[in-house]
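Below, each chain spelled out in residue letters.
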Amino acid sequence: MGKIIAVTNQKGGVGKTTTAVNVSAGIAKLGKKCLLVDVDPQGNATSGVGVDKRTVKSSSYSIMIQGVKAEDVIVHTEFENLDIIPSSIELAAADIELVDIEKRESRLKNALTLVKADYDYIFIDCPPSLGLITTNALCAADTILVPIQPEYYALEGLSQLMNSVRIVKRRYNSYLDIEGVLLTMYDGRLNLTQQVVQEVKKFFPRKVFSAVIPRGVRLSEAPSFGMPIMYFDKSCKGSASYMELAQEIINNNK
C-alpha cells in the first residue's frame, strides 16, 4: 500500500514544485514506484516531467470535478518508475466549483484510494494557497512535506499552514502527520539562514530533514527541459541533494 505525501506551503517561491518533481523522480530512480499528482492550476509539475499540459485529455480537474477515475487519468512519463496525474488550466476555477459538490473535501482522497496499492509513494504538488484544492490534498495525504526557504518571513507562513493542518486533522483526516520540513535555497554562509534553521528546528523538533537543497542554476534550468534534475544533470549539487532526500525518506519509512 502506497504512502501519500502532500508537498505543501501556501507561500509561493519556496521550491515546492521543484521538490515534488525531484523527490518523486529521485525515489523512483531508487527503485520505488511513484505517482506524482499535480493539483496546482499552474501545472508546473506536469511540464517538469516532460508532459505537455495543453494536450492532456483528462487531469486532476477531471478527477475532482467530473468524478473520472484516477486510473483513467494517469500518464506514464519517460522516467523510470514515475507516473503522473497531470494538471490543467481548468483547475483555476476548481475551488469555486467544488463548493457545490457533496463531500467536496474528499474527492481526491476517494480517487487515489483506488490506485494507492499500485505505488510505493504518491506525491501531491499543492497550489500555493489554502483553498479547497489544498484541503483535498491534505484529506488524501498520510503526511505533509513542507519546503521552507530560510528567510525572515518563513515562520510566519508556517504557523498559518499548521493552523490549516490542525483544522483538517480535526474535521476530516485525524491521521495526518508531518513527513518532514525541507530547507530549500539554502546558503549556509548567511547568519540569517542559521537563525531561521534554529527556529524551524524548535518549531518542528526531529522533523527537519538532514538533506538541504542549495540554490543552483541547474535546478532552475531543468524544468524548461521537462526533466527532473537527476536526469538533466546528475553531477550537480541539486541532484545530489534531492537523491539524498529521496534516500532519507525511504529510510524514514522502513
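Figured I'd write up the structure that's included with this text.

Each value, and the rule that gives it
Residues numbered from 1 in each chain as written. Predicted model: local features only at pLDDT ≥ 70, side-chain atom pairs only at ≥ 80, totals over all residues. Heavy atoms only, no water. Helix = DSSP H or I, 4+ residues; strand = E, 2+ residues; numbered from the N terminus. Rg over C-alpha atoms; globule rule 2.2 N^0.38 Å. Contact = heavy atoms within 4.5 Å. Areas by Shrake-Rupley, 256 points an atom, 1.4 Å probe, with all protein chains shown as cover. Lys, Arg positive; Asp, Glu negative; His and termini not counted. Charge placed at Lys NZ, Arg CZ, Asp CG, Glu CD. Axes fitted to C-alpha atoms, helices over the stretch in contact; angles between N-to-C directions. Parallel < 35°, antiparallel > 145°, perpendicular 65-115°, else oblique. Left-handed = near helix turned anticlockwise from the far one by under 90°. Nonpolar A, V, L, I, M, F, W, Y, C, P; charged D, E, K, R; others polar. Buried < 20%, exposed > 50% of the residue type's maximum accessible area, 1.4 Å probe, protein only. Pairing = 2+ DSSP bridges. Salt bridge = Lys/Arg side-chain N within 4 Å of Asp/Glu carboxyl O. Core = buried A, V, L, I, M, F, W, Y, C linked by side-chain atoms within 4.5 Å. Disulfide = S-S within 2.5 Å. 1 Å grid on protein atoms, 1.4 Å probe; cavity = no way out; pocket = protein on both sides within 12 Å on 5 of 7 lines; lining within 4 Å. Points joined across faces, edges and corners; volume = space filled by probe spheres on them.

### Remarks on the overall build of the protein
1) Next: The helix and strand tally for the protein stands at 11 helices and eight strands.
2) Next: What you see for the protein is a C-alpha radius of gyration of 17 Å, in line with the 18 Å of a compact globule of 254 residues.
3) Next: On the principal axes, the C-alpha backbone points of the protein span a range of 50 × 40 × 35 Å.
4) Next: Of the contacts formed within the protein by residues at least 6 apart in sequence, a portion of 79% connects residues at least 24 apart.
5) Next: Taken as a whole, the protein presents about 11,700 Å² of accessible surface, with 49% of it coming from carbon and sulfur.
6) Next: Within the protein, one finds 29 positive and 28 negative side-chain charges whose respective centroids are separated by 5 Å.

### What about the packing of helix α7 (residues 154-171) against helix α8 (residues 191-203)?
1) Next: One way to put it is that α7 packs onto α8 with a least axis distance of 11 Å and a crossing angle of 20°. If you check the angle between α7 and α8, you find them roughly parallel. By crossing handedness, the relation of α7 to α8 is classed as right-handed. Together, L155, L158, S159 and M162 of α7 and E199, V200 and F203 of α8 make up the contact between the two elements.
2) Next: Split by residue class, the contact of α7 with α8 holds five nonpolar, one polar and one charged.

### Considering the pairing of strand β5 (residues 121-125)
1) Next: Of all five residues in β5, five are buried, a share of seventy percent or more.
2) Next: Judged by which residues are buried, β5 turns out to be covered on both faces: Y121, F123 and D125 on one side and I122 and I124 on the other are all buried.
3) Next: Looking at chain direction, strand β2 (residues 34-38) and β5 are connected through five bridges and run parallel. Its bridge partner being in β5, V37 is matched across the sheet by I124.

### Quick notes on the sheet that holds strand β7 (residues 177-186)
1) Next: Spatially, β3-β4-β2-β5-β1-β6-β7-β8 is the arrangement adopted by the eight strands of the open sheet, whose pairing is mixed. Either end of the sheet is taken by a strand with one partner, and the two such strands are β3 (75-76) and β8 (208-214).
2) Next: Sheet strands in contact with helix α1 (residues 16-29) are β1 (3-7), β2, β4 (82-85), β5, β6 (143-148) and β7, and its direction is about 165° off that of β5.
3) Next: Sheet strands in contact with helix α11 (residues 237-252) are β1, β5, β6, β7 and β8, and its direction is about 165° off that of β8.

### Looking at the pattern of salt bridges
1) Next: The tally for this structure, following the rule as stated, stands at 10 salt bridges.
2) Next: The salt bridge partner of K207 is D177, with a shortest N-O separation of 3.9 Å. Linking K207 in the loop between α8 and β8 with D177 in strand β7, this pair joins segments that are 30 residues apart in sequence.
3) Next: D177 sits in the partly exposed class, given a relative accessible area of 39%.

### A short note on the environment of C126
1) Next: Here C126 lies in the loop between β5 and α6 (132-140).
2) Next: The spatial distance from the C-alpha of C126 to the C-alpha of E71 is 20 Å, given a sequence separation of 55 residues.
3) Next: Apart from residues no more than four positions distant in its own chain, C126 is found in contact with A6, V7, T8, K16, V39, D40, T134 and A137.

### Describing the nonpolar core
1) Next: With 50 residues, the main nonpolar core has L35, V37, I85, L108, L112 and I124 as its most contacted residues.
2) Next: Each residue touching L35, except ones within four places of it in the same chain, is listed here: I74, D83, I84, I85, L112, V115, Y119, Y121, I122 and F123.
3) Next: Ranked by size, the runner-up nonpolar core spans 34 residues in total, among them A20, V23, L219 and A246.

### Looking at the state of the cysteines
1) Next: Counted under the stated rule, the structure contains zero disulfides.
2) Next: Its sulfur unpaired, C126 is 11 Å from the next cysteine sulfur, which belongs to C139.
3) Next: The exposure class of C126 is buried, given its relative accessible area of 0%.
4) Next: A residue is classified by how much of its surface remains accessible, and C139, at 3% relative accessible area, is buried.

### Quick look at the layout of surface pockets
1) Next: Volume-wise, the largest pocket comes out at about 550 Å³.
2) Next: Lining the largest pocket are 28 residues; nearest its centre among them are G15, K16, T17, T18 and M185.
3) Next: Contributing elements (two or more residues each) for the lining of the largest pocket: α1, α2 (44-48), β7, β8 and α9 (217-221).
4) Next: Top contributing element to the lining of the largest pocket by residue count: α1, with five residues.
5) Next: Considered class by class, the residues forming the lining of the largest pocket number 12 nonpolar, 13 polar and three charged.

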